[in-house]
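Tertiary structure, described
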Amino acid sequence: MGKGHVRLADVAKAAGVSQGTASNVFSRPDVVREEVRERVLNVARELGYGGPDVKGRLLRAGRVNAIGVAAVEPLTYFFDDPWARSLMTAIGEVCDASGTGIAVVSAMNEERLAWNINSALVDGFILLCVEGGERLVELTRQRQLPFIALALGIEDETIPAIGIDNVAGGAAAARHLLELGHRNIAILSIGDVDGLVGLVAPARVDPEMDATPRERMHGYWQALAEYGIPREAVQIQGTLHDRPSTIMAMEALFSFANPPTAILAMSDKVALFAMQWLAERGLKVPEDVSIIGFDGVPEAATSLPRLTTVAQPFAEIARRSVTAILENALPEDHEALDLELVVRDSTAPPRPR
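None of these values were measured; they are calculated from a predicted model. (Residues numbered from 1 in each chain as written. Predicted model: local features only at pLDDT ≥ 70, side-chain atom pairs only at ≥ 80, totals over all residues. Heavy atoms only, no water.)

1. Brief notes about the pattern of salt bridges
Threshold: Within this document, salt bridges are pairs made up of a side-chain nitrogen of Lys or Arg and a carboxyl oxygen of Asp or Glu, the two lying within 4 Å of each other. Runs of H or I in DSSP of at least four residues are treated as helices and runs of E of at least two as strands, each being numbered from the N terminus.
In total, this model carries 13 salt bridges according to the counting rule given. For K269, the salt bridge identified is with D81, shortest N-O distance 3.6 Å. Within this pair, whereas K269 is found in helix α13 (residues 268–280), its partner D81 is found in the loop between α5 (77–80) and α6 (82–98), the two being separated by 188 residues in sequence. Here E226 makes a salt bridge to R175, at a shortest N to O gap of 3.0 Å.

2. Digging into the sheet that holds strand β10 (residues 290–292)
Short version of the rule: The rule for pairing is simple: two strands pair if DSSP sees at least two bridges between them. Note on definitions: a residue-residue contact is assigned when non-hydrogen atoms from the two residues lie within 4.5 Å. Axis lines are fitted to C-alpha atoms, over the contacting stretch for helices. Their N-to-C directions set the angle, which ranges from 0 to 180 degrees.
Strand order in this open sheet of five strands is β7-β8-β6-β9-β10, and the pairing throughout is mixed. If you trace the sheet from one side to the other, it starts and ends with β7 (198–199) and β10, each paired once. The pairing of strand β9 (residues 262–265) with β10 spans three bridges and is classified as parallel. Bridging across to β10, A262 finds its partner in S290. Sheet contacts for helix α11 (residues 211–226): β6 (185–189), β8 (235–238) and β9; angle to β6, the most-contacted strand, approximately 170°. Contacts from α13 reach β6, β9 and β10 within the one sheet, and its direction differs from that of β10 by about 160°.

3. A few points about the nonpolar core
Spelled out, the test is: Only buried residues count toward a nonpolar core, which is a set of Ala, Val, Leu, Ile, Met, Phe, Trp, Tyr and Cys residues joined through side-chain atoms within 4.5 Å. Classification of residues uses two cut-offs on accessible area relative to the type maximum, computed with a 1.4 Å probe and protein chains only: under 20% is buried, over 50% is exposed, and between them is partly exposed.
Grouped together as the largest cluster of nonpolar side chains are 71 residues, with contacts concentrated most on I126 and I291. Of all the elements, α6 adds the most residues to this core, at seven residues. Setting aside chain neighbours within four positions, we find I291 in contact with I263, A271, A274, M275, L278, V285, L307, T308, S346 and T347. One finds A70, A107, V122 and L139 within the second-largest nonpolar core, a separate group that totals 16 residues.

4. Notes on helix α15 (residues 314–326)
An α-helix turns once per 3.6 residues; consequently, residues spaced three or four apart project the same way. Counted only if it meets this: Expected helix span is computed as 1.5 Å times (number of residues minus one). The arc under discussion is defined with respect to the helix axis, by the directions toward the C-beta atoms.
The terminal C-alpha atoms of α15, which comprises 13 residues, lie 18 Å apart, in line with the 18 Å expected from a rise of 1.5 Å per residue. Along α15, the residues that are buried comprise F314, I317, A318, S321, V322, A324 and I325. An end-on view of α15 places all buried positions within 160° of arc, on one side of the element. The positive-phi residue at the C-terminal boundary of α15 is N328, with phi of around 50°.

5. Focus: the environment of D242
Quick note on the threshold: Distance and chemistry together define a polar contact, namely a pair of N or O atoms within 3.5 Å, with one atom able to donate a hydrogen and the other to accept it when in protein, and with adjacent residues in sequence counting only for side-chain atoms on both sides.
Relative to the helices and strands, D242 is located in the loop between β8 and α12 (243–253). The partly exposed category is assigned to D242, whose relative accessible area is 27%. Sequence separation between D242 and I190 is 52 residues; the distance between their C-alpha atoms is 8.7 Å. At 2.4 Å, the side chain of D242 forms a polar contact with the side chain of S245.

6. Thoughts on the sheet that holds strand β2 (residues 101–106)
Reading across the sheet, the four strands line up as β2-β1-β3-β4 and stay open at both edges, with parallel pairing between neighbours. Strands at the two margins of the open sheet, each flanked by one partner only, are β2 and β4 (147–150). Pairs of neighbouring strands in the sheet enclose a mean axial angle of 20°, with direction left out of account. Relative to strand β3 (residues 125–128), strand β1 (residues 66–71) runs parallel, the two sharing four bridges. In the strand pairing of β3, A70 is matched with L127. Its contacts with the sheet put helix α8 (residues 134–143) on β1, β3 and β4, and the angle it makes with β3 is roughly 175°. Along the sheet face, α15 touches β1, β3 and β4 and points at about 165° away from the line of β4.

7. Things to note about unusual backbone geometry
A cis amide bond links V285 to the next residue, P286, at an omega of 10°. Looking at the secondary structure, you find P286 in the loop between α13 and β10. Positive phi, close to 65°, is recorded for H241, a residue that is not glycine. Mapped onto the elements, H241 comes out in the loop between β8 and α12. Even without being a glycine, N328 presents a positive backbone phi close to 50°. With respect to the helices and strands, N328 occurs in the loop between α15 and β12 (335–337).

Okay, here's the thing in structure tokens:
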């Protein structure tokens, strides 16, 4: 008998016990006499039986009480990125309250993607960062499990999605700086395209940027237009959403004779990198430069100075997405949740120069 084909029934027969008793040895060992338990375990080891198929048992039950969270990113993304970490924390709190498990799935490795999705022992999937993740959506659909995308930057209306109103959030951020009196404003954009690092012409935004930064940009432009400021008058410095490219962007912005008095950063992560760069050069926030971020991650509330930001409703996003999976009550269309302008210490009226 090949070891890979040993069944529980084979172990029970070889040990001279019923299949029910053999099953109890693995699932309820406390109800089996010690000598019987030891005999069954010894036989199992000799035959190469590793235990019951937990996956099969759970799937036969029709529910595993766990949710998969997947992203087209390496696993470290879930722990290193402030936005992903904040969202995972919120999802974890909702799952804890309902006794639901979480399986984190990376779709970074294309060769293992199908296996990662198909082998995940979950009742459904929450998909992060769907842009560029068409294959992830396709495989998730093939599992025929409920799934929901936490992004609205997707044209396919058949994909259930919960997201935020990036345009309104961008407009609120820019309007805040404008109401304070700033007119010399620069933008730090985010993305993952090398060609969008450095100075970005407005004409490149729509054809080249992903939906999230593109929508935030349009929100900025909307508010700027209300104050008679054309988009061409506002410098856009592209970043790869990391420290090195943010430093390059800041060095470019402050190499001019008339640097900006305020910065619109498309994420708190980039805003915090920019604040650190300014501090290292003796420039004060907000006295010399005002900065406003986007996302509302916890680090924004504890930075020095505390970062003004447009906060996402992480708790509500998590509650709705987890509930949608557990109750198989997916939204019929894309849902956009409201954002909150959180004014802290990093923005103030410009000082005369």
